[in-house]
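Here's the letter readout for the chains.
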Amino acid sequence: MAKVYTEEHEWIDVDGDVAVIGVSAFAAEQLGDDIVAAEDLLEVGDSVDQNDILFVFEKAKVAVEVYAPVSGEVVEVNPFLSGDATEFHDKLVGLEWLYKIRMSDPSQLESMMDETAYADFAKE
């Protein structure tokens, strides 16, 4: 399956029954490079439902929530999320993944956008 995108600007790349999740380049550029921390991180073994908050990027006086695009169990968290916040922007722009979730309902992917549809959506 090709990479798909959500209206919340996350991308999902499927590897078997695992959804590899990241933030789109468009969203990373919108976030800017003034991220100071990622907070409320989920851990391996945590269960999430679609649209639950995965974590929050803290910026100067602004919090940006990142949501779970699929339901399932967290199987891996990218270590850069708990590292130096000065690296976040470069890693996000480089399309670094954030979480890996073993999907409990792969049919949730069916309503997501392919790359062409997402590019049109992001232009709006």
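An account of the accompanying structure is given in this report.

Each value, and the rule that gives it
- Residues numbered from 1 in each chain as written.
- Predicted model: local features only at pLDDT ≥ 70, side-chain atom pairs only at ≥ 80, totals over all residues.
- Heavy atoms only, no water.
- Helix = DSSP H or I, 4+ residues; strand = E, 2+ residues; numbered from the N terminus.
- Contact = heavy atoms within 4.5 Å.
- Buried < 20%, exposed > 50% of the residue type's maximum accessible area, 1.4 Å probe, protein only.
- Pairing = 2+ DSSP bridges.
- Axes fitted to C-alpha atoms, helices over the stretch in contact; angles between N-to-C directions.

Side note on the side chain of T6
So, point 1. For T6, the location among the structural elements is in the loop between β1 (4–5) and β2 (10–15).
So, point 2. Discounting chain neighbours no more than four positions away, the residues touching T6 are I12, P69, M112, M113 and Y118.

Quick look at unusual backbone geometry
So, point 1. Backbone geometry places H9, a non-glycine residue, at a positive phi of 70°.
So, point 2. Counting through the fold element by element, H9 comes out in the loop between β1 and β2.
So, point 3. A positive phi angle is found at N51, which is not glycine, with a value near 80°.
So, point 4. If you trace the backbone, N51 turns up in the loop between β5 (47–48) and β6 (53–59).
So, point 5. For N51, a relative accessible area of 49% corresponds to the partly exposed category.

Some thoughts on the environment of L54
So, point 1. Position of L54 relative to the elements: it lies in strand β6.
So, point 2. On the basis of relative accessibility, which here comes to 0%, the residue L54 falls in the buried class.
So, point 3. For the pair formed by L54 and E39, sequence separation is 15 residues and the distance between their alpha carbons is 9.4 Å.
So, point 4. Here L54 is in contact with I21, D40, L41, L42, V48, V66, Y67, A68, P69, Y99 and I101, once residues within four sequence places are set aside.

With respect to the sheet that holds strand β7 (residues 62–67)
So, point 1. Taken in spatial order, the 3 strands line up as β4-β6-β7 in an open sheet, and their pairing is antiparallel. Edge positions in the open sheet fall to β4 (35–39) and β7, since each of these has one partner strand only. Each strand of the sheet is rotated relative to its neighbour by a mean of 25°, with strand direction disregarded.
So, point 2. Note that β6 and β7 share 6 bridges and pair antiparallel. Bridging across to β7, K59 finds its partner in V62.

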